[in-house]
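Here's the letter readout for the chains.
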Amino acid sequence: MDIDGAVRRFLFLLGSSRPGGNTELLARRAAAALPAGVEQRWLRLADHPLAPFHDIRHGQFPPPPSGNEALLLTETLAATDLVIASPVYWYSVSAPTKLYLDHWSTWLRLPGVDFRPRMRGRTMWAISALSDEDPAKADPMVNSLWMSADYLGMRWGGALLGHADRPGDVLGDAAALRAADAFFASTALGEARDGRVAGRASG
């Protein structure tokens, strides 16, 4: 269901340090199957670098965000669906992706933003390419994103995984491409999926 009857708006956050990488190729393949009426916004996190995260939970309130942080906060809150597209780096998300998620801790404390209540009911999706042929090696990353979404009361759309080592390799992963074509096919969301789509389902 749409958030408050709004038009579905997918925010694709590209976490790779390399433009046009395998994760992005897989994400764009999946996005091509979205209905025409669904809005898409694509942001490359490396092009919108964030300041280092400082944990001030037990001190003063954080200052109002500005620059890239303000942009990412605004776009995140405007999305009905948040797609984290990050390669698997050391069994986790990329550094720009992790920094973006760390800033959620700040946004939770911003006066008047109500970040957690406003994110509730939206849907998080994960898309990733990994060099290991065993998709289970992506489990730590997938579970981290799933638990982050669950903490905010978000729905979990699933994780689309592809195998790739060298640039463009994912285009040779026929199973991943078939899964990409069907990844966003159901906008009911929150359901477990088969094939190269992994992860946990939450209601």
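What counts and what doesn't
- Residues numbered from 1 in each chain as written.
- Predicted model: local features only at pLDDT ≥ 70, side-chain atom pairs only at ≥ 80, totals over all residues.
- Heavy atoms only, no water.
- Helix = DSSP H or I, 4+ residues; strand = E, 2+ residues; numbered from the N terminus.
- Buried < 20%, exposed > 50% of the residue type's maximum accessible area, 1.4 Å probe, protein only.
- Pairing = 2+ DSSP bridges.
- Right-handed = clockwise from strand over helix to strand, strands pointing away.
- Axes fitted to C-alpha atoms, helices over the stretch in contact; angles between N-to-C directions.
- Parallel < 35°, antiparallel > 145°, perpendicular 65-115°, else oblique.
- Left-handed = near helix turned anticlockwise from the far one by under 90°.
- Contact = heavy atoms within 4.5 Å.
- Nonpolar A, V, L, I, M, F, W, Y, C, P; charged D, E, K, R; others polar.
- Core = buried A, V, L, I, M, F, W, Y, C linked by side-chain atoms within 4.5 Å.
- pLDDT = per-residue confidence, 0-100.
- Salt bridge = Lys/Arg side-chain N within 4 Å of Asp/Glu carboxyl O.

Participant: Is there a simple way to think about unusual backbone geometry in this case?
Facilitator: Both trends apply: most residues other than glycine have a negative phi, and most peptide bonds are in trans. At Y91, a residue that is not glycine, the phi angle is positive and equals roughly 65°. Its location among the elements puts Y91 in the loop between β3 (81-85) and α3 (95-107). Despite not being glycine, D114 has its phi angle at roughly 55°, a positive value. Looking at the element boundaries, D114 is found in the loop between α3 and α4 (115-119).

Participant: I'm lost on the pairing of strand β5 (residues 155-163) in this one. Help?
Facilitator: Taken residue by residue, a regular strand's side chains alternate between the two faces of the sheet. Most of β5 is tucked away, with 7 of its 9 residues classed as buried. Taken together, the 8 bridges between strand β4 (residues 123-130) and β5 define a ladder with parallel strand orientation. Counterpart to W125 in the pairing with β5 is G158. A crossover connection joins β4 to the parallel β5 through helix α5 (residues 139-151); in handedness this β-α-β unit is right-handed.

Participant: Would you mind going over the packing of helix α1 (residues 22-31) against helix α6 (residues 174-183) with me for this structure?
Facilitator: Helix packing for two helices is described by the angle between their axes and how far apart those axes are. Between α1 and α6, whose axes approach to 7 Å, the crossing angle comes to 45°. Here α1 is positioned oblique relative to α6, judged by the angle of their axes. Every pair of crossing elements has a handedness; the one defined by α1 and α6 is right-handed. Two secondary-structure elements touch here, α1 through L26, R29 and A30 and α6 through A176, L177, A180, D181 and F183. Split by residue class, the contact of α1 with α6 holds 6 nonpolar, no polar and 2 charged.

Participant: So what exactly am I meant to see when it comes to the packing of helix α2 (residues 67-78) against α3 here?
Facilitator: Orientation of α2 relative to α3, taken along the N-to-C sense of each, is 85°, at an axis distance of 11 Å. With respect to their mutual orientation, α2 and α3 come out roughly perpendicular. Across from E69, L72, L73 and T76 in α2, the residues of α3 making contact are Y100, H103, T106 and W107. Of the residues belonging to the contact of α2 with α3, the class tally is 4 nonpolar, 3 polar and 1 charged.

Participant: Which parts of the structure should I look at to understand the environment of D150?
Facilitator: Summarising the element assignment, D150 is placed in helix α5. When its relative accessible area of 43% is taken as the criterion, D150 is described as partly exposed. Sequence separation between D150 and R120 is 30 residues, and the spatial gap between their C-alpha atoms is 9.0 Å.

Participant: Just to check I follow, could you spell out the nonpolar core for this structure?
Facilitator: A general tendency of soluble globular proteins is for nonpolar side chains to be buried together. Counting 35 residues, the largest nonpolar core has L13, L82, Y100, W104, F115, M124 and W156 as the members making the most contacts within it. Counting only elements with at least two residues in this core, the list comes to β1 (9-14), α2, β3, α3, α4, β4, α5 and β5. Per-element accounting of this core gives the leading share, 5 residues, to α5. Among all residues touching M124, those that are not within four sequence positions of it are L82, I84, W104, L145, A149, M154, R155, W156, G157 and G158. Of all hydrophobic cores here, the second largest spans 23 residues; its members include F12, W125, L177 and F184.

Participant: Explanation requested: the confidence of the model for the protein chain in the structure shown.
Facilitator: Do not read the predicted coordinates in detail wherever pLDDT is low. On average, the protein chain scores 88 in pLDDT, and the residues at 70 or more come to 86%. Under a pLDDT of 50 for its full length, residues 188-203 has, in the predicted model, 49 contacts with residues more than four places off or in other chains.

Participant: Could you clarify how one ought to interpret the pattern of salt bridges in this entry?
Facilitator: When their charged atoms lie close together, side chains carrying opposite charge are able to pair. In total, this model carries 10 salt bridges according to the counting rule given. Between R28 and E24 there is a salt bridge, with its nearest N and O atoms 2.9 Å apart. Of this pair, R28 and E24 both sit in helix α1, separated by 4 residues, roughly a single helical turn. Of the charged contacts in the structure, one is a salt bridge between D102 and K98, with a shortest N-O distance of 2.6 Å. Pair noted here: D102 and K98 are both in helix α3, with a separation of 4 residues, about one helical turn. Classification of D102 by relative accessible area gives partly exposed; the value is 22%. Residue classification places K98 among the partly exposed positions, given a relative accessible area of 41%. A single salt-bridge network, built from bridges that share partners, covers R9, E39, R41 and E75.

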